[in-house]
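Now for the letters of each chain:
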Amino acid sequence: MRQPSEPKLYLVRPPPREEDDAALAVAAARGEPWAASAVWDRHSNLVRGMLRRALGATDVDDHVQEVFFRFFQHGSEMREPALLRSYLVGIAFRVAGSELRRRKVRRFLGLTPSGEVPSPAIPPLDAEAREAVVRLYEILDRLAPLSRLVFTMRYIEGLELTEVAAAAGTSLATVKRKLGKASDVVFRSARRDEALMSYLSRHSGREP
C-alpha cells in the first residue's frame, strides 16, 4: 500500500520592500509577478498627473493604462533599467502626443466620435484657478502637439529641459526652440487676462 506523500514546500520569493528602479525594471522584464504591481504603485501617480496636465482629465485612466500596457509589452527592450522613470515619461509623452493628434483630426472634422466637441475636464480647483485653467487649455489647443507637450512638461509638470528632450526623443536645441515659440504664443495670448496671467506666472516662474 502506497504511503501518502508528504506535502511539498515551495519557496516563493516575496516582493522586496524597497527595490530601486533598475531592479524593478529588470524584474518586470523577467515577468516577476510582484514587479508589475510595484512599478504601477511607484509610478502610476506620476504618469497620471503628467497626462492630466497635458491633456485634461478626459479619459485619463485609459491613457494611463495605455502607458503601462506599452511598458509591459516592450519593457524588456530598455537598455538602461535605472532610467525606468524616464522611460515611462517618454511613453507618456508619446501617448499624449498621439491623443493630441487625434484631437486635431477630430476638430478638423468638427466632431468627436460622440458627435460633440468636448471642453477639457479640469480637476477640482478653486473657482478662479478653474476658470484660468479652462482658458489656458483653450490656448494650448491652438498649439501643435509637440509644442503643447513641451510647454506643459516644462512649465506645468516642472521637468528639466534635458528630461523633456529625452521624453520627446529629440535634441535639447529643438526643445528650447519649441518651448520658446510655445511660450511666446501662450503668454502673448494670456497677457490681457489677469487671472490667467497670474496662474501662469505661479506655475511657470516666468514674469508677466
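Residues numbered from 1 in each chain as written. Predicted model: local features only at pLDDT ≥ 70, side-chain atom pairs only at ≥ 80, totals over all residues. Heavy atoms only, no water.

Quick look at the overall build of the protein chain
Check the secondary structure of the protein chain and you find 9 helices and 0 strands. Helices and strands in the protein chain line up, N terminus first, as α-α-α-α-α-α-α-α-α. In the protein chain, which comprises 208 residues, the share counted as buried stands at 39%. Long-range contacts, defined as pairs at least 24 residues apart, comprise 59% of the intrachain contacts of the protein chain with a sequence gap of at least 6. Accessible area of the protein chain: about 12,600 Å², with a carbon and sulfur share of 52%. (Helix = DSSP H or I, 4+ residues; strand = E, 2+ residues; numbered from the N terminus. Buried < 20%, exposed > 50% of the residue type's maximum accessible area, 1.4 Å probe, protein only. Contact = heavy atoms within 4.5 Å. Areas by Shrake-Rupley, 256 points an atom, 1.4 Å probe, with all protein chains shown as cover.)

Here we look at helix α6 (residues 145-156)
Over its 12 residues, α6 runs 15 Å from end to end, which matches the ideal 16 Å to within 8%, given 1.5 Å per residue. Among the 12 residues that make up α6, 10 are buried, leaving the element largely enclosed by the rest of the structure. When α6 is considered as a whole, its buried residues turn out to be Pro145, Ser147, Arg148, Leu149, Val150, Phe151, Thr152, Met153, Tyr155 and Ile156. Following α6 by one or two positions, glycine 158 adopts a phi angle in the positive range, close to 80 degrees. (Expected span 1.5 Å × (residues − 1).)

Examining the environment of threonine 170
Inspection of the secondary structure puts threonine 170 in the loop between α7 (161-168) and α8 (172-190). A residue is classified by how much of its surface remains accessible, and threonine 170, at 29% relative accessible area, is partly exposed. In this view, threonine 170 contacts Ala165 and Val175; residues no more than four positions away in its chain are not counted.

Purely spatial values, then, with no claim about function.
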